[in-house]
Each structure stands twice: as structure tokens, then as C-alpha cells.
Amino acid sequence: MALAAVAVAPVPRWGAGARRAGPVADRATIVALCGTALDAAGGALAPRTLARAIADRLGIGQAPLSLDVDGLDPPTPTAAPGDDATGDQAVRAMRAGEVLARLTDRERLSVAYPEYTVRELGPLLGRGPSQAQTIRARAAAIIGGELQGDDDGEAIALLVIELAREWAEGPAWADTGTRSAVLAGR
């Protein structure tokens, strides 16, 4: 590219933690870069295109698309395979949300209150104890089927219970102005 031939003052390395202000390009460099870019384009460029062209040459703009792996710090010797807890938690939470989305309102309620007996659960679901048991069993089968063979299945299932309880007790329905038909009369 033609801009590579323009002499640019060395751009010092700079980061957000530096003690000094970021590097500033001087007027002569910017004029030379703009003139060279306009000459190479035949005389006309959109301001956005011109800005991108000289920004690349000055080393400002977006981060590179790839990094040299050798430049990264090696893992500490005390790091264990499960140390990426934040990433693992995020994946579990997303998976739990997917599983919860597969459940009907009544199935969610039956999962939200695992401590309830079917006699206690029945009135909450608007059904009798035998139907409450059927609903609970169907919810358990859906969760079990979704998480079968998953190494984090138990942790995800516990998150499904937490999400179901938050759904049942939380104000999420108030945000939309709609409430589950099951909970509307409660």
C-alpha cells in the first residue's frame, strides 16, 4: 500500500496503565498520510475511509485479530484444570436456561419447589396430588433427558431448580405485565 512508504515517527508502545499520555501524531505526518492516500485513490475518499487508512498506518484502532501465543504468560504451576470457574459457570447457566425453557409453567413450578410433597404441590399447580406427581415426573424426565451424559449434569440440574424458583418467585412477570396462567389466580 502507498501509505507504507510515508515516513512515520516511531510510535512508542503505550497502554492504559502507562504513566504518560498516549502518543500523538504531528501535523506533518497526518498531512503526508492524507496526501498519499488521496493520491493513491485518485483524488477522492470518504472521510471515514481516509481516517481508517491513516489510523492503520499510525497503529491506532481496533485490536489485532490474532495474538502471538508465546507472548502470553504461561499458566501458574498451581493452576488446576477447573480453574476457569467463571467460564464454566457461564456455560452451566446458559445450559440451565435452555433446559428451563423446555418446561411448561406447571413443570417449572414443580421443579421450583422440590421440597414440597405432591399434596402440597397440587394446590400450587391447580391440580390434584396424582396429577402433580405426573407433572413433576414429566419435568424430571425432561431434565434428565436433556442432561443425560453431560459431565456437569448435576450442577446444571441444581441451577435449573434455582432458575425455576427465581422464575416462580421473582418479579420477572411484573416487567412484562403478564403472568403465568398457573400463577395468575394465586
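The rules behind these values
Residues numbered from 1 in each chain as written. Predicted model: local features only at pLDDT ≥ 70, side-chain atom pairs only at ≥ 80, totals over all residues. Heavy atoms only, no water. Helix = DSSP H or I, 4+ residues; strand = E, 2+ residues; numbered from the N terminus. Buried < 20%, exposed > 50% of the residue type's maximum accessible area, 1.4 Å probe, protein only. Salt bridge = Lys/Arg side-chain N within 4 Å of Asp/Glu carboxyl O. Expected span 1.5 Å × (residues − 1).

(A) Representation of the side chain of Ser110 in the model. Looking at the element boundaries, Ser110 is found in helix 4 (residues 105-112). By relative accessible area, Ser110 is classed as buried at 3%.

(B) Spatial organisation of the pattern of salt bridges. On inspection of all chains with the given rule, the structure shows seven salt bridges. In this structure, Glu107 and Arg138 form a salt bridge, with 2.6 Å as the shortest nitrogen-oxygen distance. One end of the pair, Glu107, is in helix 4; the other, Arg138, is in helix 6 (residues 129-147), with 31 residues separating them in the sequence. Among the residues examined, Arg138 registers a relative accessible area of 40% and is labelled partly exposed. Of the charged contacts, one joins Glu169 and Arg165 as a salt bridge, the two residues approaching to 4.0 Å between their closest N and O atoms. Pair noted here: Glu169 and Arg165 are both in helix 7 (residues 153-169), with a separation of four residues, about one helical turn. Assessed through its relative accessible area of 26%, Arg165 is described here as partly exposed. Where salt bridges share partners, they join Arg95, Glu98, Arg102 and Glu146 into one cluster.

(C) Highlighting helix 1 (residues 27-41). Compared with an ideal rise of 1.5 Å per residue, which puts 15 residues at 21 Å, helix 1 spans 21 Å between its outermost C-alpha atoms and is within 8% of the ideal. Among the residues trailing helix 1, Gly42 stands out with phi positive, at a value near 90°.

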